[in-house]
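A look at the structure
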Amino acid sequence: MNDVDNTLMEPVAVASLIIEASKHVNKTWQELAELASGWLIIHGLETQVSKQDLASLAACMMFTGKPEAPDAGDRDSFFEFIGIKRKPREDLGAGVSVEIDGCKGTLRYRLAKDIFDTTLHIPIPTIEWAEQAPHSVPQINPFYEVTSTFHDVLTAMAMGFRSWLFGHTGTGKTAAIREICARCGLPLVRINFDSEMTRADLVGKTELLNDGGTTVSRFIEGVLPRALPHVGVVLLDELDFIRPDLAYVMQAVLEGDELVLTGDNGRCVPVHPQCWIVAAANTCGQGDDVGLYRGAREQSAAFLNRFQTFIEFEYMEWAKEAALLERETRLPMHLCEKLCLYAKEHREAFSRREVLTPFSYRQLATMANRLMFLSRHSGEPPKDGMMDAMELVILNAMPAYERVKMAGIAQRLSI
Ligand SMILES: Nc1ncnc2c1ncn2[C@@H]1O[C@H](COP(=O)(O)OP(=O)(O)OP(=O)(O)O)[C@@H](O)[C@H]1O
Ligand SMILES: [Mg+2]
């Protein structure tokens, strides 16, 4: 019997959930287990409870045919059935050892409020590394600004929900995932679904090798079978560009099932219970309705249906953005405010489709860094180069008719 801390878990809630799921008899046991494991993840329990156990539990519930939450006796026999023994609270987060790329660490649940600038009281998986973290764990951004959207992402991560983050370019989708990984010590595997991505890159391919005169075949794993069996975050970046044949490959994985490598004699690659799969894209998978993201495809309903949450990112509010810009680049606040007010007007024009060139924090930071660099070396105040920076970073990148309009706005703001 496994020792599991379940003082955070509300047993009735878990059992009820499984009963609820069991009402949908057209679901497979794996789907029921997936649903139940989502709950268990919230309560920091899933490391000791396998999906198989949960599937058995769900099946057991289904055949007893009880429509309501089980009584205490039933619950105890359930927990006995799946091998859970209650453990006192002080053992919460004792952790399990992990080793990734030769680095040793301890995987344990901690509360989000103890890691991020937030009041969220939810347990999330973290790894504390004994010495050095593996290279796949990103660096912390000390200037990262926690937003309400970030809360939604953290909650989705705590629940292990496969999530689709979407929003205009530079709204902070990738930054949010990087920051979660950096602060939680989790390895990040980023898979870019650009037009170059092939099935062989994703799943793997068989290669013929010359072994002492005889030809032997060897299966070379793609990025998915290398990433999925490990704790961490798999970011499917620009997933709205995915081709239908690759989307099909992803579907089983997005259901939480094992990845079957047909090219390697049907070998099954399990998905680690703490491997969180998250997608980022400019569109929500329904095609490009603004005409800005050429190549973004309309994805099939079946594919999108496998995502449990869709989280929309928006540009930061201008005053917050100005404070961030000042903290990060040290450009004087009154200049940061001017740039961010310009950004605000630019984005408003963008949302009215009067300009089709997006404008993000990336450009703001580039302008501010340029101004500070020149000012440091010339001794002149950074204000002097504002319009030059504006031209080089944004205005020159726009079609002529947009440039005239936006240069007018920059002048009005006395940039
Ligand atoms: N909350 C935040 N706090 C601090 N910096 C942020 C925040 N959100 C975004 N940024 C910064 O804004 C820039 C753009 O963010 P990011 O690359 O994450 O955008 P994106 O939504 O992934 O864009 P794309 O769709 O082009 O991939 C980065 O430099 C990032 O560090
Ligand atoms: Mg990105």
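Residues numbered from 1 in each chain as written. Chains lettered and ligands numbered in written order. Predicted model: local features only at pLDDT ≥ 70, side-chain atom pairs only at ≥ 80, totals over all residues.

To continue, consider the overall build of the chain. For the chain, the count of helices and strands is 15 helices and 14 strands. Considering only contacts in the chain between residues 6 or more positions apart, those separated by 24 or more positions represent 70%. (Helix = DSSP H or I, 4+ residues; strand = E, 2+ residues; numbered from the N terminus. Contact = placed C-beta atoms within 7 Å.)

Its twelve residues give helix H5 (residues 148-159) an end-to-end C-alpha distance of 17 Å, which sits within 8% of 16 Å, the value for a rise of 1.5 Å per residue. Listed as buried for H5 are Phe-150, Val-153, Leu-154, Ala-156, Met-157 and Ala-158. (Expected span 1.5 Å × (residues − 1). Buried ≥ 20, exposed ≤ 12 C-beta atoms within 10 Å, placed from the backbone.)

Moving on to the site of ligand 1. With respect to spatial proximity, 20 residues lie near ligand 1, and among them Thr-169, Gly-172, Lys-173, Thr-174 and Ala-175 are the closest. Going through the elements one at a time, helix H6 (173-184) and helix H13 (361-378) are the ones with two or more residues in the shell around ligand 1. Residue-level mapping places the shell around ligand 1 at the junction of two domains, with at least three residues from each of domain 2 (98-312) and domain 3 (318-412). (Near = placed C-beta within 6 Å. Domains from an automatic or database assignment.)

With that settled, the discussion passes to helix H14 (residues 386-393). Side chains of residues three or four places apart in an α-helix project in the same direction, reflecting 3.6 residues per turn. Along H14, the residues that are buried comprise Met-386, Ala-389, Met-390 and Val-393. Take H14 and look down its axis: the buried residues cluster within an arc of 100 degrees, on one side only. (Arc of directions from axis to C-beta.)

The next thing to look at is unusual backbone geometry. Positive phi values are uncommon outside glycine, yet Glu-238 reaches one of about 55 degrees. Secondary-structure assignment places Glu-238 in the loop between strand S10 (232-237) and helix H9 (244-254). On the neighbour-count criterion, Glu-238 (21 C-beta atoms within 10 Å) is buried. Even without glycine at this site, Ser-414 takes up a positive phi of about 45 degrees.

Our next topic: the nonpolar core. The nonpolar side chains of a soluble globular protein tend to be buried with one another. By size, the foremost hydrophobic cluster in this structure holds 52 residues, and its most contacted members are Val-153, Leu-165, Ile-180, Val-233 and Ala-279. Mapped onto this core, the elements with two or more residues apiece are strand S5 (123-129), H5, strand S6 (163-166), H6, helix H8 (223-227), S10, H9 and strand S13 (275-281). For Leu-165, the residues in contact, after removing those within four places along its chain, are Val-153, Lys-173, Val-278, Ala-279, Ala-280, Ile-311 and Phe-313. Membership of the second largest hydrophobic core comes to 25 residues, among which are Cys-336, Val-355, Ala-368 and Leu-371. (Core = buried A, V, L, I, M, F, W, Y, C linked by C-beta atoms within 7 Å.)

Confidence in the prediction for the chain averages 81 pLDDT; 77% of positions are at 70 or higher. Element-level pLDDT for the chain is lowest in strand S1 (residues 2-3), with a mean of 36, against a maximum mean of 98 in H6. Here residues 59-75 scores under 50 on pLDDT; set against residues more than four positions off or in separate chains, the count is 16 contacts. Note that residues 81-92 has pLDDT below 50 and, in this model, 28 contacts with residues that lie over four places away or in other chains. (pLDDT = per-residue confidence, 0-100.)

What follows is about the sheet that holds strand S3 (residues 96-100). On the basis of which strands lie adjacent, the open sheet formed by three strands has the order S3-S4-S5 and antiparallel pairing. Only two strands of the sheet have a single partner each, and these edge strands are S3 and S5. Each strand of the sheet is rotated relative to its neighbour by a mean of 40 degrees, with strand direction disregarded. The pairing of strand S4 (residues 103-111) with S5 spans seven bridges and is classified as antiparallel. (Pairing = 2+ DSSP bridges. Axes fitted to C-alpha atoms, helices over the stretch in contact; angles between N-to-C directions.)

So, about the packing of helix H11 (residues 318-329) against helix H12 (residues 333-351). Contact pair H11 / H12: the axes reach a minimum separation of 8 Å and the direction vectors enclose 135 degrees. By the angle class used here, H11 and H12 are oblique. In terms of crossing hand, the pair formed by H11 and H12 is right-handed. On H12, the residues touching Trp-318, Glu-321, Ala-322, Leu-325 and Glu-326 of H11 are Met-333, Cys-336, Glu-337, Leu-339, Cys-340, Leu-341, Ala-343 and Lys-344. Residue composition of the contact of H11 with H12, by class: nine nonpolar, no polar and four charged. (Parallel < 35°, antiparallel > 145°, perpendicular 65-115°, else oblique. Left-handed = near helix turned anticlockwise from the far one by under 90°. Nonpolar A, V, L, I, M, F, W, Y, C, P; charged D, E, K, R; others polar.)

On to the sheet that holds S6, then. With parallel pairing, five strands are arranged side by side in an open sheet as S7-S10-S13-S6-S14. Lying at the two open borders of the sheet, with one neighbouring strand each, are strand S7 (188-192) and strand S14 (309-312). Each strand axis lies, on average, 20 degrees off the axis of its neighbour in the sheet, ignoring direction. As defined by bridge partners, S10 adjoins S13 across six bridges and the pair is classed as parallel. Within the sheet, the bridge partner assigned to Val-234 lies in S13 and is Ile-277. Strands S6, S7, S10 and S13 of the sheet are contacted by H6, whose axis makes an angle of about 170 degrees with S10.

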